[in-house]
Amino acid sequence: MKDLIENRRHITLFGKAKLAWLILKENGLLWCLAFGVYYINSSIAQKAFQFMDHLRRKTGIPGMNSLALNKAIWEAWDWSAGGEEWSPSEGWKSSVIKCVLEKEVPAATEVLEIGPGGGRWTVPLIARAAKYTGIDISASCVEVCRAKFAGEPKASFAVGSGIDLKGVPDDSIDALWSFDVFVHINQNEVEKYADEFKRVFKPGAVGILHHGSVGGAMGGWRSNITHDSMLKLLKDRGFEIVSSFKEWQDGSETHQAGLYQDVITVFKLPKA
Ligand SMILES: C[S@@+](CC[C@H](N)C(=O)[O-])C[C@H]1O[C@@H](n2cnc3c(N)ncnc32)[C@H](O)[C@@H]1O
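These numbers come from a predicted model, not from an experiment.

A.B. asks: When you look at the site of the ligand in this model, what are you seeing that I'm missing?
C.D. replies: Around the ligand, the surrounding shell holds 21 residues, and the nearest of these are G115, R120, D136, F179 and Y193. Between the ligand and W121, the relevant distance is 3.0 Å, taken from an oxygen atom to a side-chain nitrogen or oxygen of the residue. In the complex, the protein chains occlude 100% of the 590 Å² of accessible area that the ligand would expose alone. Because more than half of its atoms lie within 2 Å of the grid, the ligand is assigned to the largest pocket. No other element matches helix α4 (residues 67–76), which puts 3 residues into the shell around the ligand. The residue makeup of the shell around the ligand, split by class, is 13 nonpolar, 5 polar and 3 charged.

This is how it looks when you write it as structure tokens:
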């Protein structure tokens, strides 16, 4: 949509008139009226989005990504699909598990998940972990997960403040997993979380974060964080970046981390 709108500016007025006549001839007036409404609306929507983006960058307002709004949205969410509404296909999900989760999360260790939501990644994480902790800003997510994983003695869930890991002991975590969560958390709050990662990670522990890269410029209610600023804030705290990628290869298939230039970053706390 974005490219189409930008490209159409390159057509001359005469070219546009010729196209309009052809479209009218082939489709009739009623269809063309609806097309006109769509065309004008999409132009206005594009301008409105650019203005929102500009205002957000200039004034520092949180957009759709404040702590309070994240809590309110995800407490109101219908979790009956378990978060599978964000998996583009079964093949994609299996590939995330095989090529990212099982590759990076060491087996039989203490795993922390931030933002389990409806438990989409919690099943493979619990299967892999010796001990699993899920922390979510939304009380309803925690309720859903507690009910769903009631028979799992190694799993526990807690409501968090959205910026800290209170209740998680220092030096206790081997692996952190968070998918489709940091895409919605603004930089200020990510920085507070990153301080906490430093506190709770054991030396050598690994973090796998799925996050945005263009500061919200592609839509998708993404946070204001950019790829560079995420890598910098992790490095500033002494973490080593293992890899950071927008797509990966699984046999003949290429899979994307997300629809909005999302990235998966794997980082480590070096052993002393
Ligand atoms: C789009 S859902 C993704 C849920 C799950 N991770 C998945 O991939 O299916 C976003 C989740 O992040 C949680 N969340 C949002 N902001 C958070 C924050 N600051 N701290 C912890 N959880 C947060 C929401 O409550 C929700 O469960």
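Further notes follow.
A.B. asks: What's the story with the pattern of salt bridges in this structure? I'm lost.
C.D. replies: One pass over the full model with this rule turns up 15 salt bridges. Between K202 and D174 there is a salt bridge, with the nearest N and O atoms lying 3.1 Å from each other. Residue K202 is located in strand β5 (residues 201–211), and its partner D174 is located in strand β4 (residues 173–178); the two are separated by 28 residues in the primary sequence. Since its relative accessible area comes to 27%, K202 is described here as partly exposed. Between D195 and R237 there is a salt bridge whose closest N-O contact spans 2.7 Å. With D195 in helix α8 (residues 187–200) and R237 in the loop between α9 (227–236) and β6 (240–245), this pair connects stretches of sequence that are 42 residues apart. We classify D195 as partly exposed; its relative accessible area is 42%. Each of the salt bridges in this network shares a partner with another, and the network as a whole consists of R120, D180, R222 and D262.

Quick notes on the rules
Residues numbered from 1 in each chain as written. Predicted model: local features only at pLDDT ≥ 70, side-chain atom pairs only at ≥ 80, totals over all residues. Heavy atoms only, no water. Near = heavy atom within 4 Å. Polar contact = N/O pair within 3.5 Å; in protein donor to acceptor, adjacent residues only side chain to side chain. Areas by Shrake-Rupley, 256 points an atom, 1.4 Å probe, with all protein chains shown as cover. 1 Å grid on protein atoms, 1.4 Å probe; cavity = no way out; pocket = protein on both sides within 12 Å on 5 of 7 lines; lining within 4 Å. Sits in = over half its atoms within 2 Å of the grid points. Helix = DSSP H or I, 4+ residues; strand = E, 2+ residues; numbered from the N terminus. Nonpolar A, V, L, I, M, F, W, Y, C, P; charged D, E, K, R; others polar. Salt bridge = Lys/Arg side-chain N within 4 Å of Asp/Glu carboxyl O. Buried < 20%, exposed > 50% of the residue type's maximum accessible area, 1.4 Å probe, protein only.

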